[in-house]
Amino acid sequence: MSDEVPITVTVNGTVHRASVDARTHAADFLRHTLHMTGTHVGCEQGVCGMCTVLLDGDAVKSCLLLAPQLDGHEIETVESLADGDGLNALQEAFRDAHALQCGFCTPGFLMTTTALARDGRRRSREEIREELSGVLCRCTGYENIVTAVERHLSEARGV
């Protein structure tokens, strides 16, 4: 008896059909099957947030999902942000605020912030810190990350 499950998932606007092992983590499916290696895997327990992607617009930790759970849904990964070789506004904000350190956690912060920007709600610096608390930076340089997110959210709101 096969444990393969057929799935159809839209990732960054492209429909993918695949047959996956029922126990394959969504993060592994994205990285190893679709070769979208921008989604990083750190703890594999949902603690570090480096595997954050958007599932139907909500930030989720892809290491806590199984690939069959993606069936019928839309996923956005960090690869969806840039337009060709250019950076999007959020990536530019990270660059300008020197919020990039080793870069391993950056995809998690970018995808979490993308979800925050879309809801359009104004947040204090403390609220931004709370929202970002699900992503851990091993370099511990949170100040510049929060500054980049704060600037981006203000600019996205036209403030």
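Above this text is the structure in question.
Described in the following lines is the structure provided in the data block. Here the structure is a predicted model, which is why all the values come from computation and not from measurement.

Section: the packing of aromatic side chains
Okay, so step 1: Taken as a whole and judged by the stated rule, the model has one aromatic pair.
Okay, so step 2: When the ring of Phe 109 is compared with that of Tyr 142, the centres are 6.3 Å apart and the planes differ by 75 degrees; the resulting orientation is edge-to-face. With a gap of 33 residues between them, Phe 109 in helix H3 (residues 106-119) and Tyr 142 in helix H5 (residues 142-156) connect regions that are remote in the sequence.

A closer look at the nonpolar core
Okay, so step 1: Within the largest apolar cluster, 24 residues are counted, with the highest numbers of intra-cluster contacts made by Phe 94, Phe 109, Leu 132, Ile 145 and Val 149.
Okay, so step 2: Aside from chain neighbours lying at most four places away, what touches Phe 94 is Ala 99, Leu 100, Thr 106, Phe 109, Leu 110, Ile 145, Ala 148 and Val 149.

Some details on the pattern of salt bridges
Pairs may arise between side chains of opposite charge once their charged atoms sit close together.
Okay, so step 1: Taken as a whole and assessed by the stated rule, the structure comprises 10 salt bridges.
Okay, so step 2: Measuring nitrogen to oxygen at the nearest pair gives 3.9 Å for the salt bridge that ties Arg 23 to Asp 3. Pair noted here: Arg 23 is in the loop between strand E2 (14-21) and helix H1 (26-33) and Asp 3 is in the segment before strand E1 (4-11), with a separation of 20 residues, a long-range link.
Okay, so step 3: Between Arg 118 and Glu 76 there is a salt bridge whose closest N-O contact spans 2.7 Å. Pair noted here: Arg 118 is in helix H3 and Glu 76 is in strand E5 (residues 74-76), with a separation of 42 residues, a long-range link.
Okay, so step 4: Counted as one network, the salt bridges with shared partners bring together Arg 125, Arg 129, Glu 143 and Glu 150.

Cut-offs and rules
Residues numbered from 1 in each chain as written. Predicted model: local features only at pLDDT ≥ 70, side-chain atom pairs only at ≥ 80, totals over all residues. Heavy atoms only, no water. Phe/Tyr/Trp six-rings, centres within 6.5 Å; stacked < 30°, edge-to-face > 60°. Helix = DSSP H or I, 4+ residues; strand = E, 2+ residues; numbered from the N terminus. Core = buried A, V, L, I, M, F, W, Y, C linked by side-chain atoms within 4.5 Å. Buried < 20%, exposed > 50% of the residue type's maximum accessible area, 1.4 Å probe, protein only. Contact = heavy atoms within 4.5 Å. Salt bridge = Lys/Arg side-chain N within 4 Å of Asp/Glu carboxyl O.

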